[in-house]
Amino acid sequence: MKAIVYTKYGSPDVLQLKEVAKPAPKDNEVLVKIHAATVTVGDSIVVRGMPFPVRFWSGLLEPKHQIPGKEMAGRVEAVGSNVTQFQPGDEVFGDLSVCGLGAFAEYVSVPENAIALKPANLTFEQAAAVPESSVVALQGLRDKGKIQPGQKVLINGASGGVGTYAVQIAKSFGAEVTAVCSTRNLELARSLGADRVIDYTQEDFTQNGHRYDLILAVNGDHPLSDYRRVLCPEGIYVGSGGSMAQTFQGMFLGPWMSMTGSQKMGNMLVKPNQNDLVFMKELVEAGKVKPVIDRRYPLAEVPEALRYIEEGHAQGKVVITIGTLPQNLTSSGE
Ligand SMILES: NC(=O)c1ccc[n+]([C@@H]2O[C@H](COP(=O)([O-])OP(=O)(O)OC[C@H]3O[C@@H](n4cnc5c(N)ncnc54)[C@H](OP(=O)(O)O)[C@@H]3O)[C@@H](O)[C@H]2O)c1
């Protein structure tokens, strides 16, 4: 099968399209013919092996998993003897960061708990855009942020892979959502349901006097003390990404600020799991959330797609199409 392979950390140039052995499913595994994947900031981190701590997971000196790629959607081709949830022909999606990556390939063999049936109303390309980014937003808002109906929620970085889901998921929980993005993305944020939009090139949301019950910091760069100033007295700040400074402050200052005040501040790390994949499938099928796709690239152009993601200005998700998509299952409506 064709796959994007790397044997040493580095820029996207280290990635090569190669012919490799097609995997065979073990007893508890499902063999999936992948139709679409995505490229994310996380893929860039894994390919570069930077920031360095990622290597404690991905391999200290060289990559442990030579085929990168996390988010994917495809069709089950075969199942191991102990698999109970899936059968050949099922259309599935999943986040492979729980099971050794490998989405940039024509096939992957994965434990059945790493995947779920794909939302019936999405194409493979759209479904591949869901598994990680939406679950980051979901866990940030619901689990760490304890989101409640009627709360004032601010999403900083509302126009990228995670932010476009965060706006929609917060709305689905009944929150009043303020989306922070740049001028060219204001309409996108409104179309996803944001009640208010703030153009970060024109206005600093930490200086305008508004306060929020919950802030999800997906992107951007503000000192934690600025975020604290615009949190309600019992408010919660959840850092999921953004600049290094923002991330380190969330990691080290957040717990201290939480101990010394009534507000809760800290970072989150996504925990991929099948229940949340199913939760997202149901939200998508209920029409409450839809993926936003910026661009598509063929498998051979994963390096190009990664360079685009590294520029930091994707509008929604960047999709990789793999093989020939079944007719009528290419993209539509996003
Ligand atoms: N915690 C976790 O477990 C976890 C998991 C996955 C990802 N992440 C992190 O989450 C972050 C976001 O991921 P993503 O997939 O959404 O990234 P992304 O798709 O690359 O984000 C790009 C978007 O961010 C916007 N943006 C750039 N600078 C901004 C700023 N200063 N203020 C507001 N928006 C800004 C861009 O809009 P403009 O072009 O208009 O500027 C663009 O639409 C990353 O840092 C990633 O590492 C964390």
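Higher on the page you've got the structure.
Quick look at the structure, then. Just so it is clear, the structure is predicted and the values come from calculations on it, not from any experiment.

## Considerations on the site of the ligand
Here comes step 1: In the region of the ligand, 25 residues are neighbours, and S159, S182, Y200, H313 and A314 sit closest.
Here comes step 2: The side chain of Y200 places a nitrogen or oxygen atom 2.4 Å from an oxygen atom of the ligand.
Here comes step 3: Protein coverage of the free-state accessible area of the ligand, which is 940 Å², stands at 87%.
Here comes step 4: Classifying every residue of the shell around the ligand gives nine nonpolar, 14 polar and two charged.

## Quick look at the pairing of strand β12 (residues 231-239)
Here comes step 1: Among the nine residues that make up β12, seven are buried, leaving the element largely enclosed by the rest of the structure.
Here comes step 2: With five bridges connecting them, strand β11 (residues 212-217) and β12 associate as parallel partners. Counted as the bridge partner of A217 is G239 from β12.
Here comes step 3: Between the parallel pair β11 and β12, the chain is carried across by helix α7 (residues 224-229), and the sense of this crossover is right-handed.
Here comes step 4: Bridge analysis of β12 against strand β13 (residues 264-267) gives four bridges, and the strand direction is parallel. Bridged to V238 within β13 is G266.
Here comes step 5: Considered for its hand, the β-α-β crossover made up of β12, helix α8 (residues 244-260) and β13 is right-handed.

About the cut-offs
- Residues numbered from 1 in each chain as written.
- Predicted model: local features only at pLDDT ≥ 70, side-chain atom pairs only at ≥ 80, totals over all residues.
- Heavy atoms only, no water.
- Near = heavy atom within 4 Å.
- Polar contact = N/O pair within 3.5 Å; in protein donor to acceptor, adjacent residues only side chain to side chain.
- Areas by Shrake-Rupley, 256 points an atom, 1.4 Å probe, with all protein chains shown as cover.
- Nonpolar A, V, L, I, M, F, W, Y, C, P; charged D, E, K, R; others polar.
- Buried < 20%, exposed > 50% of the residue type's maximum accessible area, 1.4 Å probe, protein only.
- Helix = DSSP H or I, 4+ residues; strand = E, 2+ residues; numbered from the N terminus.
- Pairing = 2+ DSSP bridges.
- Right-handed = clockwise from strand over helix to strand, strands pointing away.

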